[in-house]
Amino acid sequence: MDLTAMMKMRKRTTTSPARGSGHGGGGIAARIEVARRLGIVGGGDVVKMFVGLVIVFCVLVAASFVYRDVRDARGGGSRFAAEAARVLDSKSSKMLFSSSESMNLINDSLKPVEFPKDSCLGGLLTPGFDEGSCFSRYQSFLYRRNSLYKPSSYLLSRLRKYEELHQRCGPHTRSYTEALRQLKSGANASPSDCNYIVWISFSGLGNRILTLASAFLYALLTNRVLLVDPGTDMTDLFCEPFPNASWFLPDDFPLKDQFKGFDQKSWQCHGYMLKNTLLNASGEAVPSYMYLHLVHDYNEHDKLFFCEQEQDLLAKIPWLILKTDNYFVPSLFLILSFEQELSSLFPEKDALFHHLGRYLFHPTNQVWGLITRFYNAYLAKADERIGIQVRVFETGDGPFPHVKDQILSCLVREKLLPEINRQETFPIPSSENHKTITVLTTSLVSEYYEMLRELYWEHPTVTGDVVAIYQPSHEGFQQSEKKMHNRKAWAEMYLLSLTDTLVTSAWSTFGYVAQGLGGLKPWILHKTENKTTPDPPCVRAMSMEPCFHAPPFWDCKAKKGIDTGILVPHVRHCEDMNWGLKVVNGHDDL
């Protein structure tokens, strides 16, 4: 074709555009036709380009539906739609276009699709932190599916007000210095603009995460500032959650040396003072601080903390020192003065820890490195991710055959994993409908992981799906005082929360943390009895909320025992511990 003919052809094309070229496929089609006539691409390339564009369009449409929070049939989420769209778009482009000229012809007609980049988690987090000091804070959304639970506008406003309070009253402020001066004086309490609750670092990591969330909720409800005892490793595991102020208790806090010695017999203990009538009945003269013993061994006097009358007294005390290994949130819902505030904060009551956990707990850069390296190496490319958390509360040397049977029975019966074909050793020919399923197992021992891995390595699945099994660590036994042990534990809890479907063990706070952060209602493996496999092996959780293992059973008004699991529709007995309490949404969750 000579130059004159080419110019005439280009003139005809530019002066007579295809209908709809400004907004739809017509413009792209015209550009492709120009490319074909100019000899930049051949006829076969035109077909490939057109098919590629259709594929990209379909992928983007499908991805947009995923971003509307559509769940799959099992209630789990899908992979990151934006990531999938980018990957497929990139692959299609590489396959279909072999020259930069071809890409340039249609570049101006392919406008990029902007997916929601909710790095602040629906407003839970505030911008402005130094990202380099805590990568996980603003990067977590890249690894986690969009939450189906949105924080209420009232919760967001209360969090912003709390942050202002913490900046005004937190460590090294003028108000903190004044409150500390009064505490050191030993004088009775006097009115103050800043009141505090100090959380003592106590128990295993899962318990600490749950109790710290409970303490923060109590601080929100009572307008107190939460200060965190760093213990041996809290600063190594968690970033600061509040802007421009630390939540860690300074080393020179005057009562810090007494933390380990505080117990039920301490004269500053709330329960002890009630038992021995050491408190002024009128509440006119109250001490400047009081110790709250809410550990699992607490007695009937300690449990009066959950009575309305005692809350009126505690409100007058500037410093409360808390030691607990319980997620005591469910019993806060039974205190009348907190009821309306809790309902306003959490219209979806079973999303309470889901919101507070994602607001408070951001892995430090060291832990985030463990999380992201494992995720990118083993989980990122899977079509489906399943988490299995195994904790066995049995005496004797494991692994236990009945626990192995229980795990496999739950996975197959609930159709969480495809069955294996024991009659054949060759795989079903692969097809586009076959999935790659990655299973993340966490356990102190490796034998349960090895059982699953060998099973799905030695036998094909009846569906043709490929199942890969991984376990990050097997520490042998809990080592709560070791820094690297706790880093790995925190990383594995977080990794479990990034899965689409979750199986957890009864009574385990490790699993409670994972399900809450991930917004997942897990299948719970029943606690085994008499070394036999339970039937059924597992049960679906009513809600993703953790269980309060040692709640009080006391009617504060009638002053008699009562079943606190039947008083309100949104506080029920736990699936894995029938005397425990957990928060649900109401009758619909039963």
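Residues numbered from 1 in each chain as written. Predicted model: local features only at pLDDT ≥ 70, side-chain atom pairs only at ≥ 80, totals over all residues. Heavy atoms only, no water.

(A) Representation of empty space enclosed by the protein within the structure. The final tally for this structure, using the stated rule, is six cavities of 30 Å³ or more. In this model, the largest cavity occupies a volume close to 130 Å³. What lines the largest cavity is a set of 13 residues, among which Arg391, Val392, Gln406, His526 and Lys527 lie closest to the centre. Of the residues that constitute the lining of the largest cavity, the class distribution is six nonpolar, four polar and three charged. Arg144, Arg145, Asn146, Ser147 and Gly518 are the residues nearest the centre of the second largest cavity, which is lined by 14 residues in total. Residue classes in the lining of the second largest cavity are distributed as four nonpolar, seven polar and three charged. (1 Å grid on protein atoms, 1.4 Å probe; cavity = no way out; pocket = protein on both sides within 12 Å on 5 of 7 lines; lining within 4 Å. Points joined across faces, edges and corners; volume = space filled by probe spheres on them. Nonpolar A, V, L, I, M, F, W, Y, C, P; charged D, E, K, R; others polar.)

(B) Quick peek at the packing of helix α17 (residues 401-413) against helix α18 (residues 447-458). Remark: α17 packs on α18, axes separated minimally by 10 Å, with the N-to-C direction vectors making an angle of 50°. Taken as axis vectors, α17 and α18 run oblique relative to one another. The handedness of the crossing between α17 and α18 is right-handed. On the side of α17, the interface is formed by Val403, Lys404, Ile407, Leu408 and Leu411, while α18 contributes Glu447, Tyr448, Met451, Leu452 and Leu455. Residue classes in the contact of α17 with α18 are distributed as eight nonpolar, no polar and two charged. (Axes fitted to C-alpha atoms, helices over the stretch in contact; angles between N-to-C directions. Helix = DSSP H or I, 4+ residues; strand = E, 2+ residues; numbered from the N terminus. Parallel < 35°, antiparallel > 145°, perpendicular 65-115°, else oblique. Left-handed = near helix turned anticlockwise from the far one by under 90°. Contact = heavy atoms within 4.5 Å.)

(C) Local environment of the state of the cysteines. Evaluated as defined, the whole model comprises five disulfides. At a sulfur-sulfur separation of 1.9 Å, the disulfide partner of Cys169 is Cys194. On the sign convention where negative means left-handed, the S-S torsion of about -55° between Cys169 and Cys194 marks this disulfide as left-handed. Residue Cys169 is located in helix α7 (residues 153-169), and its partner Cys194 is located in the loop between α8 (174-185) and β1 (196-199); the two are separated by 25 residues in the primary sequence. Taken individually, Cys169 and Cys194 each receive the classification buried, so the pair is uniform in this respect. Linked covalently through their sulfurs, Cys547 and Cys574 form a disulfide whose S-S length is 2.0 Å. The disulfide joining Cys547 to Cys574 has a torsion of about 95° about its S-S bond and is therefore right-handed. Taken as a pair, Cys547 in the loop between β10 (538-540) and β11 (554-555) and Cys574 in the loop between β13 (571-573) and β14 (581-583) lie far apart in primary sequence, 27 residues in all. As far as burial versus exposure is concerned, Cys547 and Cys574 are alike and both buried. (Disulfide = S-S within 2.5 Å. Buried < 20%, exposed > 50% of the residue type's maximum accessible area, 1.4 Å probe, protein only.)

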